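Here are the chains, one letter per residue:
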Amino acid sequence: MDISRRDTLALGAGAVALTVLPLHASAAGVDEMINTFTGGAAVADGGVDLDAPEIAENGNTVPISVSAEGASAILVMAAGNPTPDVAEFKFGPLAGSSSASTRIRLAGTQDVIAIAKLADGSFGKAQKTVKVTIGGCGG
Amino acid sequence: MADGVKPRVKAPKKADAGEVVTIKCLISHKMESGQRKDKDGNVIPRSIINRFTCDFGDQNVVDVTLAPAISTNPYFEFEAKIPESGDLKFTWYDDDGSVYEDSKTVKVG
Amino acid sequence: MNFKAMSLISAVALALPTFGAADPVDDQLVINEDIEIVTKTTAAPHLEGHLDEVMSGWLFRSDSTRDMERDDFDNPGMIFAEQGAEIWNTADGTEGKSCADCHGAPEDMAGVRAVYPKWNEAAGEVRTLQMQINDCRENRMGAKAWGYDKGGSMPMEALLASVSRGLPVNVEIDGPAKETWEKGKEIYYTRYGQLELSCANCHEENYGNMIRADHLSQGQINGFPTYRLKNTKLNGSHSRFKGCIRDTRAETFNPGSPEFVALELYVASRGNGLSVEGPSVRN
């Protein structure tokens, strides 16, 4: 089998396309959402806890929890979904803690991101990759 | 109003003054994402619960904005501080303009 | 190795399910801190030479999926059981009767789910719970029968399963039911479809292994109807059978068909001794 230079390039391009994982379909959308949420302020790593499974059995129902001591709001995003917005929690004067759990949809393996507006007005960030498996049987 | 929508809330009936209690809420709702297509290839329009709030008296506990990435039958678990005897009020807002409500009385002492 | 041979190998690798180890977990299921569920027990005598121990599909699921079943509030399947309770108390049909008018509270039906499918002497046939419910609807209530695994069937079956949770599955396989049971057994061990797979190939010989990215369970039906995270609704055992047979690339039987009635009796009998667990949560 003769492989021309053109074929080699084509193969190479295919390989590159295959290695772009996990999904980053809406990375630009994520930056825009963070900017809107923070008003352009800097975001530091930490200050917020994000709990999500390392491997989700089904992308349709993925349990997650967020928590940030004293935070007035937490924004949750999924970077690889068709649109990155998931939920925004605002905690009122009678919130027992700045924490919440819910169940979310993930279109595939991707990063889940939480940004918290902390008590001192600064912003903290947590990020976690969730692998979404493909089921064995359609059923 | 969408079919079969029914809120469910789990909250304690009693608490000590100032106690922090755990609350679970679930509403049966299909949360149609607006991303799916029907058999003929037409996009099924988005139809979701877009906001959920919990208040105690006239003070807010939590106010959540929901996107289509929240799963079918939206579920939330969070904590509330109970200052005195009163009612926890829960409200879900549907894309179609419907508002679903539930409330739970918590007795202090 | 030439190109043709390589293509052939990859084609075979793609066409055949690949198996890898994925053992069931060691865990206890107690629902609402009250109902103890037997998820693992000694196999019924008729399974001698096939299985020593039978296990609920619950043991093959991930931590977060298993946790959803420990509390009714966290179990989305219970939404449908609640809908079933509303249907139970609502009069329907020309006779103006509800289920409650004859049967009392749903809790009075505890134990019923556990013994179905069951021989019906008057009708001279083995009936599934859904067939019996439809008999009530048509002949006692003057109401329209529900479609199999459709309409009110799933909420009603979920309600009746929920009040039997914790009780052992105990379907009768001898006497007049034996012929139907034998037919179900034959279907269980028959290879179907282009992939030539029987129920036993996956669920008896390969449970605990992976099929692609999913764990293979023993295919027990003690947890039906089951809320699947995949389609976020209740699924009936016949619909599940249909999905399995379709995945072997075969023309499948339909929910409610005599073949699936027989298969339900046989598969239920493989779980004799496990607790009724429906509505369960699976992926």
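Here's a quick rundown of the structure. (Residues numbered from 1 in each chain as written. Chains lettered and ligands numbered in written order. Predicted model: local features only at pLDDT ≥ 70, side-chain atom pairs only at ≥ 80, totals over all residues. Heavy atoms only, no water.)

**Quick look at empty space enclosed by the protein**
Residue and element names in this part refer to chain C. In the structure shown here, the tally under the stated rule is 3 cavities of 30 Å³ or more. Roughly 140 Å³ of volume is contained in the largest cavity. Lining the largest cavity are 17 residues, with Arg 113, Val 169, Ile 221, Asn 222 and Ala 268 sitting closest to its centre. The dominant element in the lining of the largest cavity, judged by the number of residues it contributes, is helix H10 (residues 258–270), at 3 residues. Of the residues assigned to the lining of the largest cavity, the class counts are 10 nonpolar, 4 polar and 3 charged. (1 Å grid on protein atoms, 1.4 Å probe; cavity = no way out; pocket = protein on both sides within 12 Å on 5 of 7 lines; lining within 4 Å. Points joined across faces, edges and corners; volume = space filled by probe spheres on them. Helix = DSSP H or I, 4+ residues; strand = E, 2+ residues; numbered from the N terminus. Nonpolar A, V, L, I, M, F, W, Y, C, P; charged D, E, K, R; others polar.)

**Brief notes about helix H5 (residues 129–141) of chain C**
Residues and elements named next belong to chain C. With 13 residues, H5 should reach 18 Å at 1.5 Å per residue; the first-to-last C-alpha distance of 17 Å fits that figure. All buried positions along H5 are accounted for by Leu 129, Gln 130, Gln 132, Ile 133, Asn 134, Cys 136, Arg 137 and Met 141. Two residues or fewer after H5 comes Gly 142, characterised by a positive phi angle close to 65°. (Expected span 1.5 Å × (residues − 1). Buried < 20%, exposed > 50% of the residue type's maximum accessible area, 1.4 Å probe, protein only.)

**With respect to the interface of chain A and chain B**
Facing the 25 residues of chain A at the interface are 29 residues of chain B. For the chain A and chain B pair, buried surface summed over both sides reaches about 2200 Å², with 49% attributable to carbon and sulfur atoms. It is Leu 94, Arg 103 and Arg 105 of chain A in chain A that bury the most area against chain B; as a group they hold 35% of the surface buried on that side. Taken together, the links from chain A to chain B amount to 0 salt bridges. The interface formed by chain A and chain B contains 19 residue pairs in polar contact (both at pLDDT 80 or more). Counting residues per element, the ones that place at least two in the side of chain A that touches chain B are strand S6 (85–91) and strand S7 (95–104) of chain A. Examining the composition of the side of chain A that touches chain B, we find that 9 residues originate from one element, S7 of chain A, more than from any other. Class assignment of the residues belonging to the side of chain A that touches chain B gives a composition of 11 nonpolar, 9 polar and 5 charged. Looking at chain direction, S7 of chain A and strand S6 (residues 75–82) of chain B are connected through 4 bridges and run antiparallel. If you follow Ala 100 of chain A over to S6 of chain B, its bridge partner there is Phe 78 of chain B. (Contact = heavy atoms within 4.5 Å. Buried area = accessible area lost by both parts, 1.4 Å probe. Salt bridge = Lys/Arg side-chain N within 4 Å of Asp/Glu carboxyl O. Polar contact = N/O pair within 3.5 Å; in protein donor to acceptor, adjacent residues only side chain to side chain. Pairing = 2+ DSSP bridges.)

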